[in-house]
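A structural walkthrough
So the chains spell out like this:
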Amino acid sequence: MKSIAMRSAQTRNNRMENLCWRIWHLTRKKKQIEWEDAQRLARRHYEREQGHKAASKELSEFSDGEKPEPSPKLKTASATLSRNYSNFEMFVQQQQSQKKKSLYIVLISIHGLVRGYNMELGRDSDTGGQVKYVVELARALAMMTEVYRVDLLTRQICSPDVDWSYGEPTEMLTHGNTEGAGESSGAYIVRIPCGPRDKYVAKEHLWPYVQEFVDGALAHILNMSKALGEQVYGGEKPVWPHVIHGHYADAGNIACLLSGALNVPMVLTGHSLGRNKLEQLLKQGRDTKEDINNTYRIMRRIEGEELSLDGAEIVITSTRQEVDEQWGLYDGFDVRLERVFRARAKQGMSCYGRYMPRMVVIPPGMDFSSVISLNTEDGDSDGGALSEPMSPKPEPPIWAEIKRFFSNPHKPMILALARPDPKKNLTTLVKAFGESRSLRELANLVLIMGNRDDIDEMSGGNAAVLTTIIKLIDKYNLYGLVAYPKHHKQNEVPSIYRLVARTKGVFINPALVEPFGLTLIEAAAHGIPTVATKNGGPVDIHKTLKNGLLVDPHNQKEIADALLKLVSDRNMWMECRKNGLTNIFNYSWPQHCRIYLARIAQCRSQRKNWQDGSLLDRQPAIDEEYTRDSLKDVHTHLSIDERSVGNGSDFLEYHSKLQSVQENSNGSDIAGKGFWQRKMRKVFVIAIDSYTTDGKPHENMLKAIQNIVKHVKEDPSVHGPGFILSTAMRFSETIELLNSGGVDLFEFDALICGSGSEIYYPDVYADNASSGISKLQFCIDQDYLMHIDYRWGREGVRRTIARFLASGVEDMQHPLAIEEDGTSSNEHCLAYKVKDPSQVLRVEELRKNLRMRGLRCHVLYCKSASLLYIMPLFASRAQALRYLFVRWGTDISNMCVFVGEAGDNDYEELLCGALKTIIVKGYVEGNGSDKLLRGSGSYHREDMVPVDSPNIVTVDLSGISQALQQAMKQ
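Residues numbered from 1 in each chain as written. Predicted model: local features only at pLDDT ≥ 70, side-chain atom pairs only at ≥ 80, totals over all residues. Heavy atoms only, no water.

Put simply, the rule reads: UniProt positions are given in the numbering used here, feature names are shortened, and annotations may be inferred rather than shown by experiment.
As annotated in an unreviewed UniProt entry, the protein chain is Sucrose-phosphate synthase from Ceratopteris richardii. Regarding the protein chain, the relevant UniProt record gives this comment under Pathway (unreviewed entry): "Glycan biosynthesis; sucrose biosynthesis; sucrose from D-fructose 6-phosphate and UDP-alpha-D-glucose: step 1/2." According to the UniProt record, the Subunit (unreviewed entry) comment for the protein chain reads "Homodimer or homotetramer."

1. Quick notes on the overall build of the protein chain
Our working definition: A run of DSSP states H or I qualifies as a helix once it reaches four residues; a run of E qualifies as a strand once it reaches two. Both are numbered from the N-terminal end. Only protein chains enter the accessibility calculation, which uses a 1.4 Å probe; a residue whose area is less than 20% of its type maximum is buried, one above 50% is exposed, and one in between is partly exposed. Pairs of residues are marked as contacts when any of their non-hydrogen atoms sit within 4.5 Å. Using a 1.4 Å probe, the Shrake-Rupley method yields the accessible areas, and only the shown protein chains count as cover for residues.
The number of helices and strands found in the protein chain is 34 helices and 26 strands. Counting every position in the protein chain, which comprises 970 residues, the buried fraction comes to 60%. Across the protein chain, every contact between residues at least 6 apart in sequence was considered, and the portion connecting residues at least 24 apart equals 73%. Element-wise, carbon and sulfur atoms account for 49% of the exposed surface of the protein chain, whose accessible area totals about 39900 Å².

2. Quick notes on the nonpolar core
The tendency in soluble globular proteins is for nonpolar side chains to be buried side by side. Which entries qualify depends on this criterion: By nonpolar core we mean a set of buried residues, namely Ala, Val, Leu, Ile, Met, Phe, Trp, Tyr and Cys, connected to one another through side-chain atoms within 4.5 Å.
Membership of the largest hydrophobic core comes to 143 residues, with the highest contact counts inside it found for Ile 108, Phe 748 and Phe 898. Top contributing element to this core by residue count: helix 6 (residues 248–262), with 10 residues. Among all residues touching Phe 898, those that are not within four sequence positions of it are Phe 684, Val 685, Ile 686, Ala 687, Ile 688, Ile 708, Val 712, Ile 918, Val 920, Ile 960 and Leu 964. In terms of nonpolar packing, the next biggest core, distinct from the first, is built from 70 residues, Ile 402, Met 458, Leu 481 and Tyr 484 among them.

3. With respect to helix 20 (residues 556–568)
To keep things clear, this is the line we draw: Every helix has an expected span of 1.5 Å times one less than the residues it contains. The arc refers to the directions leading from the helix axis to the C-beta atoms. Within 3.5 Å is the distance limit for a polar contact, defined as a pair of N or O atoms, with the added protein rule that one can donate a hydrogen and the other accept it, and that residues adjacent in sequence qualify only through two side-chain atoms.
Taking 1.5 Å per residue, 13 residues should reach 18 Å; helix 20 reaches 18 Å between its end C-alpha atoms and fits that length. Buried residues of helix 20: Ile 559, Ala 560, Ala 562, Leu 563, Leu 566 and Val 567, and no others. Looking straight down helix 20, one finds its buried side chains confined to an arc of 165°; they lie on one side. Measuring from the backbone nitrogen of Lys 557 back to the side-chain oxygen at the start of helix 20 gives 3.1 Å, which picks out Asn 555 as the cap.

4. Section: the packing of helix 30 (residues 794–807) against helix 31 (residues 843–851)
The criterion, for reference: A fitted line through C-alpha atoms serves as each axis, taken over the contacting stretch for helices, and the angle formed by two N-to-C directions is quoted from 0 to 180°. Crossing handedness follows the turn of the near helix against the far one: under a right angle anticlockwise gives a left-handed crossing, and clockwise gives a right-handed one. Residues are grouped as follows: Ala, Val, Leu, Ile, Met, Phe, Trp, Tyr, Cys and Pro are nonpolar; Asp, Glu, Lys and Arg are charged; every other residue, Gly included, is polar.
Between helix 30 and helix 31, whose axes approach to 11 Å, the crossing angle comes to 120°. Crossing hand, helix 30 versus helix 31: right-handed. Of helix 31, the residues touching helix 30 (which contributes Thr 800, Ile 801 and Phe 804) are Leu 846, Asn 849 and Leu 850. Taken together, the residues that form the contact of helix 30 with helix 31 break down as four nonpolar, two polar and no charged.

5. Focus on the sheet that holds strand 14 (residues 548–551)
What links the strands of a sheet is backbone hydrogen bonding, and the strands pair in either a parallel or an antiparallel sense. Let me state the cut-off plainly: Two strands pair if DSSP finds at least two bridges between them.
Strand order in the open sheet formed by six strands is 11-10-9-12-13-14, with parallel pairing between adjacent strands. Either end of the sheet is taken by a strand with one partner, and the two such strands are strand 11 (482–483) and strand 14. Sheet topology places strand 9 (residues 413–417) next to strand 12 (residues 506–509); two bridges connect them, and they run parallel. Across the sheet, residue Leu 415 finds its bridge partner in strand 12, namely Phe 507. Lying on the sheet, helix 20 is in contact with strand 9, strand 12, strand 13 (530–533) and strand 14; it crosses strand 14 at an angle near 175°.

6. Things to note about helix 14 (residues 426–434)
Of all the nine residues making up helix 14, eight are buried; the element is thus mostly covered by neighbouring parts of the structure. Among all positions of helix 14, only Leu 426, Thr 427, Thr 428, Leu 429, Val 430, Ala 432, Phe 433 and Gly 434 are buried.

7. Observations concerning a negative patch on the surface
Applicable threshold: For patch detection, residues must exceed 30% relative accessible area and be free of salt bridges, and they are connected within 9 Å for like charges or within 5 Å for nonpolar side chains (Val, Leu, Ile, Met, Phe, Trp, Tyr). Any carboxyl oxygen of Asp or Glu that lies within 4 Å of a side-chain nitrogen of Lys or Arg is treated as forming a salt bridge with it. By the counting rule applied here, Lys and Arg register as positive and Asp and Glu as negative, while His and the ends of each chain are not counted. The atoms used to mark charge sites are NZ of Lys, CZ of Arg, CG of Asp and CD of Glu.
Taken together, the side chains of Asp 453, Asp 454, Asp 456 and Glu 457 define an acidic patch exposed on the protein surface. Here Asp 456 lies in the loop between strand 10 (444–448) and helix 16 (460–475). Judged by relative accessible area, which is 71%, Asp 456 ranks as exposed.

8. Overview of the pattern of salt bridges
Scanning the entire structure with this criterion turns up 43 salt bridges. Residue Arg 887 pairs with Asp 783 through a salt bridge whose shortest N-O separation is 3.1 Å. Remark: Asp 783 occurs in helix 29 (residues 782–788) and Arg 887 occurs in helix 32 (residues 877–888); sequence separation between them is 104 residues. Both residues of the pair, Arg 887 and Asp 783, count as buried. With a shortest N-O distance of 3.4 Å, Arg 799 and Glu 795 are connected by a salt bridge. Residue Arg 799 and its partner Glu 795 are both found in helix 30; the two are separated by four residues, about one turn of the helix. Taking relative accessible area as the criterion, Arg 799 reaches 37% and is therefore assigned partly exposed.

9. A few points about the pairing of strand 4 (residues 186–192)
One face of the sheet, then the other: side chains in a regular strand alternate in exactly this way. Of all seven residues making up strand 4, seven are buried, and the element is well covered by its neighbours. Across seven bridges, the pairing between strand 2 (residues 147–155) and strand 4 is parallel. Bridge pairing in strand 4 places Arg 149 opposite Gly 186. Pairing of strand 3 (residues 170–174) with strand 4, which is carried by four bridges, proceeds in the antiparallel orientation. Across the sheet, residue Met 172 finds its bridge partner in strand 4, namely Tyr 188.

10. A look at unusual backbone geometry
With phi around 80°, Tyr 248 is a residue other than glycine that occupies positive phi space. Turning to its location among the elements, Tyr 248 is positioned in helix 6. Phi at Asn 425 takes a positive value of approximately 65°, unusual for a residue other than glycine. Along the chain, Asn 425 falls in the loop between strand 9 and helix 14. On the accessibility criterion, Asn 425 (5% relative accessible area) is buried.

11. Focus on the sheet that holds strand 4
Taken in spatial order, the eight strands make up an open sheet running 3-4-2-1-5-6-7-8, and their pairing is mixed. Of all the strands in the sheet, the pair left with one neighbour each is strand 3 and strand 8 (358–361). Averaged over all adjacent pairs, the angle separating strand axes in this sheet is 25°, with direction ignored. Of the strand pairs in this sheet, strand 5 (residues 243–247) and strand 6 (residues 266–269) are connected by four bridges, and their pairing is parallel. Pairing of Gly 246 across the sheet is with Leu 268, part of strand 6.

12. Regarding the packing of aromatic side chains
Applicable threshold: Stacked, edge-to-face and tilted are the three classes for Phe, Tyr and Trp ring pairs, Trp counted by its six-membered ring, which pair at centre distances within 6.5 Å; planes under 30 degrees apart are stacked, over 60 edge-to-face, the rest tilted. Sitting over a ring, as applied to charges here, requires NZ of Lys or CZ of Arg to be within 6 Å of the ring centre and within 35 degrees of the ring normal.
The tally for this structure, following the rule as stated, stands at 13 aromatic pairs. Taken together, Phe 684, Phe 723, Phe 748 and Phe 898 form an aromatic cluster joined through their ring pairs. Cation over ring: Arg 115 sits above Tyr 117, and NZ or CZ is 5.0 Å from the ring centre.

13. Description of the pairing of strand 5
Counting buried positions along strand 5 gives five out of five residues, so the element sits mostly inside the fold. Residues Val 243, His 245 and His 247 point to one face of strand 5 and Ile 244 and Gly 246 to the other, with burial holding for every one of them. The pairing of strand 1 (residues 103–108) with strand 5 spans four bridges and is parallel. Within strand 5, the residue paired with Leu 107 across the bridge is His 245.

14. Things to note about the packing of helix 6 against helix 32
Rules: Any angle between 65 and 115 degrees counts as roughly perpendicular, while under 35 counts as roughly parallel, over 145 as roughly antiparallel, and the rest as oblique.
Interhelical geometry of helix 6 versus helix 32 gives an angle of 55° and a closest axis separation of 9 Å. When the axis of helix 6 is compared with that of helix 32, the two are oblique. Once helix 6 is placed against helix 32, the crossing between them reads as right-handed. Residue-level inspection shows Leu 257, Gly 260, Ala 261 and Leu 262 of helix 6 in contact with helix 32, the latter providing Gln 879, Arg 882 and Val 886. Across the contact of helix 6 with helix 32, the residue classes break down as four nonpolar, two polar and one charged.

15. Regarding the side chain of Asn 253
Mapped onto the elements, Asn 253 comes out in helix 6. Look at Asn 253 and you get buried, because its relative accessible area is 4%. Not counting residues up to four positions away in its chain, the partners in contact with Asn 253 are Trp 207, Val 210, Arg 300, Gly 304, Leu 307 and Ser 308.

Printed below as a string of structure tokens:
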């Protein structure tokens, strides 16, 4: 017995010692996390301060001697629109008086399950408030007098795990305003196929399919623009999108690329932001940054949000808190710089390519039709009594489903409506309810936590929260006091609110951070007082509605006290209810849409090409069937089935053919350009980056071009192929390379040079044809140069890089090891020779430093990392192909790109999308410029390129023919 007692004492001592060590370890870890967090925030603050100071200093240097004066553009806009910059409400009224039902608006929200009826909100973490928001926004916009059609683009899902309706290509939401409406008017959900056709993919794993969605959406928009042009303008011109609006990071990335391809303004709504989520998760200390990235693909999400900021004209937020505390964390936005740039623009002073998107607070709206009808039915402004309903209609089934949980269903109900997600903080609510005896005696608790069949089939985080809640109910013996139904339909949610209002209950949103809080508005519209977190959007909602209390979501006692105060004080309950019902119409959808459209009109008025769609309208909509038998649009589609053009008499014959066709055509000249383009069923793009270490074209590049052209032309399954050469070389270098191998230049329908900074076409007006191939026989696409000139401040970028060369940047303790290369530069490409690749910044780091100074650029290393290119935001080889897709009317799925096993920093963009990619082995030595793209803490290639894409084939030279046949079948 003595030995047992001694062992027991020893065991207790060991346990106590282990517990002490554990407490010490946790305390130490907590301090370490706090120190790392402070260091990270301090470094970021320092970087932002440096960027702000540098941008301000450079603008001051630029502006020496520059006098503020009204901008000619603003004068023109003011004369046209009678615009008053100091009174936005007046501008809204002016827009209302200029209504014409012709606007086409594109909304994008790709993740989750999106449909217009019986929305399965809460089914998973991707199908939440955002789905409801975008569907209701589409419906509301379609009802505006000036809007003809609204398309909500989302992903098509044909998985057996979800309802068949999510696989339907199109779903009508509303036919819109019937006055002046055509057959295609109204609001529609359009589902674009991308990624695995038979799988439901969570948003964290959708990133590799972004480019494919862009290509599918672009094809839909082009077809729809042509169809709407027939209905609205009688076929005189297409109806291009008035705006492209991306929701969340993934759709924002897509909207940015579509905006660049179509030259239309982009609007962004973040909903929830990656940097904010990363900061919150790091503070918890449970996972490392690497673990967080692997779980949430958080770095790819953040980069998607940064790219969205690069392309957005307007960022719509729900609250000022979202602007100051969330968007303020990003490289691409600085509140102070945005004000400086806006002030300079109003004074007519140039910002030299620097830009910050405009943050606009527009609270989301709500459909009040069901609320009004319910209140009318109740006929009791005081809420009525549950035991004595005024309505003769039977109770909704969801009432019985909730009341069956309660031993006394007549007590006031406390309602929480949220997914069982850790950040929604429902466990703290249950603890607060369970530990407050007074609250348990006075009220019941209703937890509507989405829909579920089996907890074991739920995602890990949601299942853990739900399991914890059930354990807490058992711990505090809350049986008969808490309802947590397994299922509810979306159209039953108003009935749930109505039930809570009847019992004089309270709605609570206890989330740790709430970006906006749409459920708070819904509750207020039903006459229910609210208790909400003081972190995020509810602060602004409370200021407007004045219908409840704000609490610290971490403080259980404060939550319980606030709920008890509203439940027990009838006068306060009635005052909050009255305030909510009085002020709720500040959140109506019509009001939201009026401000929304006026803001977009305001930004469109500042850019000529957006006012009349002039660039886009030069790309006529082509009827492929018609052009098979007609040469009407000879400038855009010229059909010559057989041609063999060389350097002598062959070229003379070829040129005479072109002139003959031109003389006999009645097509109108497009901006006086002489380039031509023949009709092609298939387009083959050669984009193999094979260079020596000093940046010279490797002999393998010429061999690759010759062999690919030869194999394509000899393949019997390919008829009338078109060829595009896409390269980082200058135009003169490209011509020299092709001439050195005796390659016929006019085999190529376009040359994409300078990594997408220029596009050249064969020139049908070349006068000196007999003198052989010369530069004059190709013409540059001037429209493309105008197209990519968006937000391009060449001199501003050049001076900023010169400052980096002289004094270095914050990420390095020494100047960059690069020097300007004037011979490789052009008007839309600044080139720098890389003297030492180990002494330069990676692309992501250099882009971060430029963004912090308000400069939006496309940055890449090319030619085996021997050159650094800095170009306009939308200048790239991938975007150049989309530009040609729009101009030529060629189906992008009929494009086939040949690449090597490695390449320049834009290599990943060429691997993904709807086009077919053939990776040809044996032509590229080394890893190209990959080592200078991203660091170890960034996202990975798997987040950009789908691993098992059927559109990507890897072959050696002997397998090209087989790969071509496979591509033809697809």
